[in-house]
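Structure at a glance
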Amino acid sequence: LVARMRPFGTTIFAEMSALAVRTGAVNLGQGFPDTDGPPEMLAAAAEALRTGQNQYPPGPGIPALRAAVAAHQRRFWGLEYDPDGEIVVTAGATEAVAAAILGLCEPGDEVVCFEPYYDSYAASIALAGAVRRPVTLRPAADGRYAFDPAALRAAFGPRTRLVLLNSPHNPTGKVFTPAELALIAELCREHGAYAVTDEVYEHLVFTDAASGHLPLATLPGMRERTLRISSAGKTFSCTGWKVGWVSGPAALVSAVLRVKQFLTFVNAAPLQPAVAVALALPDDYFADFRAGMQARRDQLVAGLAEAGFQVLAPEGTYFVTADVTALGGRDGVEFCRSLPERCGVVAVPTQVFYDDAEAGRRLVRFAFCKRPEVLTEAVTRLRGLP
Ligand code: PMP
Ligand code: GLN
């Protein structure tokens, strides 16, 4: 194995899902829903399979999906992208992030990101031979995660190529505020840096959040320097389909396509028309999806608090983090490894998403994208923690 990949073991998601299968625990670790997405989308996929849409689709994605991606971004965020040249379909957001970094970063270039970071970010940065410059998110007095603006400013320098931003943020559930986004944008402009934004949870900002979802590309001077990434997996509860997309100015999108050609070439022919159908669903679908997830958040947040966790209630995503200190936990990794045996529940330690392990030492993440009865069972088990 090459040196640059040696620090990366098995992903925590695979490890914890395997542990859940082995122990029969309730799996609130890896984030995937336990119900299917919209029936119209599933029917369209079945129809595409039956009607022979099973060969290589066009490199940038089928025209119907690129048109649907453009219309969706116009409808929800007022962003205009040309489906011909400014949008490319990828194998999930994961491939989009990897291809963006590989297409934009020379070895030694620096990527500013926020930790805890989604695990594929560090690996993609390493594959490119680039260097990550993490800025730490820490729980603040108001129960929200925040970063030190001076630390963000200090992370930018002459080698900064891009900032990789995930908002709403996995694993913390943080929704970056307009003021925080304005600072990120200012620093990008000042340093001539690009932005790559991972917005897979764009439709999961809860109604009581301090601010709604605001794509960084909507800020002054940012559209021309931002690659905006999303995916069908979260919004349409089809994480196994791996259909994502990237939007941005043609020069940046063509850099992504250049790389994507040789990673996967193309992907998901019969699923692409189905995702196009889903993206065109009426506003009600998106509102109901969010409301359903918000009710589950409320259920799990209350249950975890009753079980004795110090909960950091999220404003977005389908994850909640909690501090395990009050339950006698000193280390999230140890806590999560023993939790299935102690009470039959699986969670994910967020420490593994930090370079500064100390900052995340006592934090664990639970996914609430599960049926209410599953959450009830998990809470019952957690309340029985010895
Ligand atoms: N980014 C974030 C922040 C995620 O939470 C996930 C998924 N779980 C992904 C990217 C990957 O998305 P996809 O499955 O579309 O590759
Ligand atoms: N994004 C999901 C999570 O954070 C799962 C990702 C994965 O399994 N790679 O749990």
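What you see is a predicted model, and the numbers here were worked out from it, not measured in a lab.

**Remarks on the domain arrangement of the protein chain**
With domains assigned, the protein chain is organised as domain 1 (3-37 + 284-383) and domain 2 (39-279). The centre of domain 1, based on its C-alpha atoms, is set 23 Å off from the matching centre of domain 2. The interface of domain 1 with domain 2 comprises 34 residues on the first partner and 37 residues on the second. By residue number, the principal contributor to the side of domain 1 that touches domain 2 is helix 11 (residues 283-306), which donates six residues. The residue inventory of the side of domain 1 that touches domain 2, partitioned by class, reads 17 nonpolar, nine polar and eight charged.

**Focus on unusual backbone geometry**
In this chain, Glu 115 is followed by Pro 116 through a cis amide linkage whose omega measures 5 degrees. One can find Pro 116 in the loop between strand 3 (110-115) and helix 5 (119-127). Cis peptide bonds are those with omega within 30 degrees of zero, and the linkage from Ser 167 to Pro 168 qualifies with -10 degrees. Positive phi values are uncommon outside glycine, yet Ser 237 reaches one of about 50 degrees. Looking at the secondary structure, you find Ser 237 in the loop between helix 8 (232-235) and strand 10 (244-247). Ser 237 sits in the partly exposed class, given 19 other C-beta atoms within 10 Å. Unlike most non-glycine residues, Phe 265 shows phi in positive territory, near 65 degrees. In this fold, Phe 265 is placed in the loop between helix 9 (250-263) and helix 10 (271-279). Overall, the presence of 11 C-beta atoms within 10 Å leaves Phe 265 in the exposed class.

**Notes on the sheet that holds strand 11 (residues 310-312)**
Taken together, the four strands give an open sheet; going across it, the order is 11-12-15-14, and neighbouring strands pair in antiparallel fashion. On the outer flanks of this sheet lie strand 11 and strand 14 (348-349), each paired with one strand and no other. One ladder, built from five bridges, connects strand 12 (residues 319-323) with strand 15 (residues 363-367); its direction is antiparallel. Directly across from Phe 319, in strand 15, lies its bridge partner Ala 367. Together, strand 11, strand 12 and strand 15 form the strand contacts of helix 11, whose direction differs from that of strand 12 by roughly 15 degrees.

**A word on the nonpolar core**
Counting residues in each nonpolar core, the largest one holds 115 residues, and the members touching the most others are Ala 100, Ile 101, Val 256, Val 275 and Phe 366. For this core, the element with the most residues is helix 4 (residues 92-104), which contributes nine residues. If you count residues domain by domain, this core takes at least three from each of domain 1 (3-37 + 284-383) and domain 2 (39-279). Residues contacting Val 256, with those up to four places away along its chain left out, are Val 88, Ala 96, Ala 99, Ala 100, Gly 103, Leu 227 and Val 246.

**Quick word on the pairing of strand 10**
Across a regular strand the side chains alternate sides, sitting on one face of the sheet and then on the other. Residues Gly 244 and Val 246 of strand 10 are buried on one face, and the alternating residues Trp 245 and Ser 247, pointing to the opposite face, are buried as well. Examined bridge by bridge, strand 2 (residues 87-90) and strand 10 share four bridges and lie antiparallel to one another. Looking across to strand 10, one finds that Ile 87 is bridged to Ser 247. Looking at chain direction, strand 9 (residues 226-231) and strand 10 are connected through four bridges and run antiparallel. Looking at strand 10, one finds that Ile 229 is bridged to Val 246.

**Description of the packing of helix 2 (residues 39-50) against helix 10**
The geometry of helix 2 relative to helix 10 is characterised by a closest axis approach of 8 Å and an angle of 155 degrees between their N-to-C directions. Accordingly, the angle class assigned to the pair helix 2 and helix 10 is roughly antiparallel. Taken as a pair, helix 2 and helix 10 cross one another with a handedness that is right-handed. Taken together, the residues of helix 10 that come into contact with helix 2 (itself represented by Glu 40, Met 41, Ala 44, Ala 45 and Ala 48) are Leu 271, Pro 273, Ala 274, Val 275, Val 277 and Ala 278. Here the contact of helix 2 with helix 10 is built from residues that sort into 10 nonpolar, no polar and one charged.

**Notes on the confidence of the model for the protein chain**
Counting all residues, the mean pLDDT for the protein chain is 97, and 100% of those residues have values of 70 or more. Taken over the whole predicted complex, pTM reads 0.98, whereas the ipTM for its chain interfaces reads 0.97.

**Some words on the environment of Val 364**
Of note, Val 364 is situated in strand 15. For Val 364 and Cys 336, which are 28 residues apart along the polypeptide, the C-alpha to C-alpha distance reads 7.6 Å. Residue contacts for Val 364: discarding those within four places in its chain leaves Thr 321, Ala 322, Val 324, Gly 332, Phe 335, Cys 336, Ala 347, Val 348, Pro 349 and Thr 350.

**Some details on the site of ligand 1**
Around ligand 1, the structure places 14 residues, and the nearest of them are Gly 92, Ala 93, Thr 94, Asn 170 and Ser 231. Top contributing element to the shell around ligand 1 by residue count: helix 4, with three residues. Per-class residue counts for the shell around ligand 1 are three nonpolar, nine polar and two charged.

**Let's talk about the site of ligand 2**
In the vicinity of ligand 2, the contacting residues are Thr 11, Phe 13, Gln 30, Gly 31 and Asn 170. When the residues that make up the shell around ligand 2 are grouped by side-chain class, the tally is one nonpolar, four polar and no charged.

**Description of helix 9**
In this model helix 9 runs 20 Å from its N-terminal to its C-terminal C-alpha over 14 residues, within 8% of the 20 Å that 1.5 Å per residue would give. Among all positions in helix 9, only Leu 252, Val 253, Val 256, Leu 257 and Lys 260 are buried. All buried residues of helix 9 project into a common sector of 140 degrees when viewed along the axis, lining one side. In helix 9, the exposed positions that point more than 90 degrees away from the buried face belong to Ala 251, Arg 258 and Phe 262. Check the buried side of helix 9 and you find it contacts strand 2, helix 4, strand 8 (194-198), strand 9 and strand 10. A positive phi of about 65 degrees marks Phe 265, the residue just after helix 9.

The rules behind the values
- Residues numbered from 1 in each chain as written.
- Chains lettered and ligands numbered in written order.
- Predicted model: local features only at pLDDT ≥ 70, side-chain atom pairs only at ≥ 80, totals over all residues.
- Domains from an automatic or database assignment.
- Contact = placed C-beta atoms within 7 Å.
- Helix = DSSP H or I, 4+ residues; strand = E, 2+ residues; numbered from the N terminus.
- Nonpolar A, V, L, I, M, F, W, Y, C, P; charged D, E, K, R; others polar.
- Buried ≥ 20, exposed ≤ 12 C-beta atoms within 10 Å, placed from the backbone.
- Pairing = 2+ DSSP bridges.
- Axes fitted to C-alpha atoms, helices over the stretch in contact; angles between N-to-C directions.
- Core = buried A, V, L, I, M, F, W, Y, C linked by C-beta atoms within 7 Å.
- Parallel < 35°, antiparallel > 145°, perpendicular 65-115°, else oblique.
- Left-handed = near helix turned anticlockwise from the far one by under 90°.
- pLDDT = per-residue confidence, 0-100.
- Near = placed C-beta within 6 Å.
- Expected span 1.5 Å × (residues − 1).
- Arc of directions from axis to C-beta.

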